[in-house]
Structure formats: C-alpha cells, structure tokens
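Structural overview
In case you want the letters, here they are:
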Amino acid sequence: MDSNELFNKVEEINKFKEDLVLLPLNPEEQKYIELNLYPLVDIFSRLASSSQNLAITADQLSTSITTKAKRNKIQNTESLIYTINEDCEDLYKIIHQRLKLLK
C-alpha cells in the first residue's frame, strides 16, 4: 500500500466513523463498535500518521543541503514505512471484516 492509498483509506475510515455516530444503534451494536472497531480504527490512524510523518522526514533528510544524508538510516526508515503500511493494510482488512458483522 503506497502513501496515497493509505491516505485514502484513512479518509474512508474517518467518514465511516462519522456515519456510525449518526446511526440509531442498539446497545449491543454500540458495545461491539466501542470494543471491536474503535480501538482498531485508532491504531490504524496512528500508524498511518506515523508512516506519513516518517516518509516526510526521510524525504527531507535525503534532499537536505544542510544535513549529510545517512543513506543506510534513510533506507532503514523507508523499510519501516513499508512495514507500517503493510500493517495498516492488515488492520484495514480486519476492520472491514468486523464491519461486515454489523450488516
């Protein structure tokens, strides 16, 4: 999952959260959402934000004229970004599966 896809998924999940608030849910559904969806959505959002911040920082460090780039550190950061994005993709699939249970 690249950064643009990740950003789109974050937007999609945020829209979903807004829509959920408007639904008339019974107490069981509300409890399910609070315990099984919101924590994952929060983790997803934090990971996506971390990935984006790391990508921006790595890009700035690699093109900086005032800081000597440490290629191996930047490559390690890029590897971490891809790992985080893969984790986000896995979380997105889990969130999507749990949403299906509400239908």
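Quick notes on the rules
- Positions within a chain are numbered from 1, following the residues in the order the chain's sequence is written.
- Per-residue local features are limited, in this predicted model, to residues with pLDDT of at least 70; the limit for side-chain atom pairs, both in listing and counting, is 80 or more; totals at the level of whole chains, interfaces and linings are taken over all residues.
- With hydrogens and water set aside, each side-chain value is computed from the structure's full complement of heavy atoms.
- Segments assigned H or I by DSSP are reported as helices when at least four residues long, segments assigned E as strands when at least two residues long, and all are numbered from the N terminus.
- The reference for a compact globule is 2.2 Å times residues^0.38; the radius of gyration itself is calculated from the C-alpha atoms.
- The buried label goes to any residue with under 20% of its type's maximum accessible area, the exposed label to any with over 50%, and the partly exposed label to all in between, with areas taken from a 1.4 Å probe on protein chains only.
- The criterion used for residue contact is that any of the two residues' heavy atoms lie within 4.5 Å.
- Here, Shrake-Rupley sampling with a 1.4 Å probe gives the accessible areas, and only protein chains in the shown set may cover a residue.
- Whenever a helix is involved, its axis is fitted only over the stretch in contact; in every case the axis is a line through C-alpha atoms, and angles between N-to-C directions fall within 0 to 180 degrees.
- Each angle gets one of four labels, with under 35 degrees taken as roughly parallel, over 145 as roughly antiparallel, 65 to 115 as roughly perpendicular, and the rest as oblique.
- Left-handed describes a crossing whose near helix is turned anticlockwise from the far helix by less than a right angle; the clockwise case is right-handed.
- Ring pairs shown here join Phe, Tyr and Trp side chains whose ring centres sit within 6.5 Å, with only the six-membered ring taken for Trp; geometry is labelled stacked below 30 degrees between planes, edge-to-face above 60, and tilted in between.
- Definition used in this section: a nonpolar core is a set of buried Ala, Val, Leu, Ile, Met, Phe, Trp, Tyr and Cys residues joined via side-chain atoms within 4.5 Å.
- A side-chain nitrogen of Lys or Arg and a carboxyl oxygen of Asp or Glu constitute a salt bridge if their distance falls within 4 Å.
- Nitrogen and oxygen atoms within 3.5 Å of one another constitute a polar contact, given that in protein one can donate a hydrogen and the other can accept it, and given that sequence-neighbouring residues count only through two side-chain atoms.

1. Remarks on the overall build of the chain
- Within the chain, the secondary structure is distributed over three helices and zero strands.
- The secondary structure elements of the chain, listed N-terminal to C-terminal, are α-α-α.
- Taken over C-alpha atoms, the radius of gyration comes to 17 Å for the chain, far larger than the 13 Å a tight globule of 103 residues would show.
- Dimensions of the chain, computed from C-alpha atoms along their principal axes, come out at roughly 60 × 20 × 20 Å.
- Classification of the 103 residues of the chain by burial places 23% in the buried group.
- In the chain, 76% of the contacts between residues at least 6 apart in sequence involve partners at least 24 apart.
- About 7500 Å² of surface is accessible on the chain, with carbon and sulfur atoms providing 53% of the total.

2. A word on the packing of helix α2 (residues 27-63) against helix α3 (residues 71-102)
- α3 packs onto α2 with a crossing angle of 160° between their chain directions and a minimal axis gap of 9 Å. Overall, the two elements α2 and α3 adopt an arrangement that is roughly antiparallel. α3 is crossed by α2, and the crossing has left-handed handedness.

3. Details of the environment of Asp42
- Assignment of secondary structure puts Asp42 in helix α2.
- Asp42 sits in the partly exposed class, given a relative accessible area of 35%.
- Residues Asp42 and Asn14, spaced 28 residues apart in sequence, show a C-alpha to C-alpha distance of 10.0 Å.

4. A few points about the packing of aromatic side chains
- Per the stated rule, a full pass over the model turns up one aromatic pair.
- Ring geometry for Phe44 versus Tyr92: centroids 6.4 Å apart, planes at 45°, classification tilted. Taken as a pair, Phe44 in helix α2 and Tyr92 in helix α3 lie far apart in primary sequence, 48 residues in all. Here Phe44 and Tyr92 have matching classes, each one buried.

5. What about the environment of Thr83?
- When you line up the elements, Thr83 lands in helix α3.
- As a C-alpha pair, Thr83 and Phe44 span 39 residues in sequence and 13 Å in three-dimensional space.

6. As for the nonpolar core
- Residues Ile13, Leu37, Phe44, Cys88 and Ile95 are the most contacted members of the largest nonpolar core, which totals 18 residues.
- Within the residue set of this core, elements represented by two or more residues are α1 (3-22), α2 and α3.
- With seven residues, the top contributor of residues to this core is α2.
- Not counting the four nearest positions on each side in its chain, Ile13 is found in contact with Val41, Phe44, Tyr92 and Ile95.

7. Side note on the pattern of salt bridges
- Tallying each qualifying case throughout the model produces one salt bridge.
- Residue Asp42 is joined to Arg46 by a salt bridge in which the shortest nitrogen-to-oxygen separation is 3.0 Å. With a gap of four residues between them, Asp42 and Arg46 both fall in helix α2, about one helical turn apart.

8. Here's the deal with the side chain of Ser51
- Within the secondary structure, Ser51 is located in helix α2.
- Within the structure, Ser51 has its side chain in polar contact with the side chain of Asn85 (distance 2.6 Å).
- Apart from the residues within four sequence positions on either side, Ser51 is in contact with Leu6, Ile81, Ile84 and Asn85.

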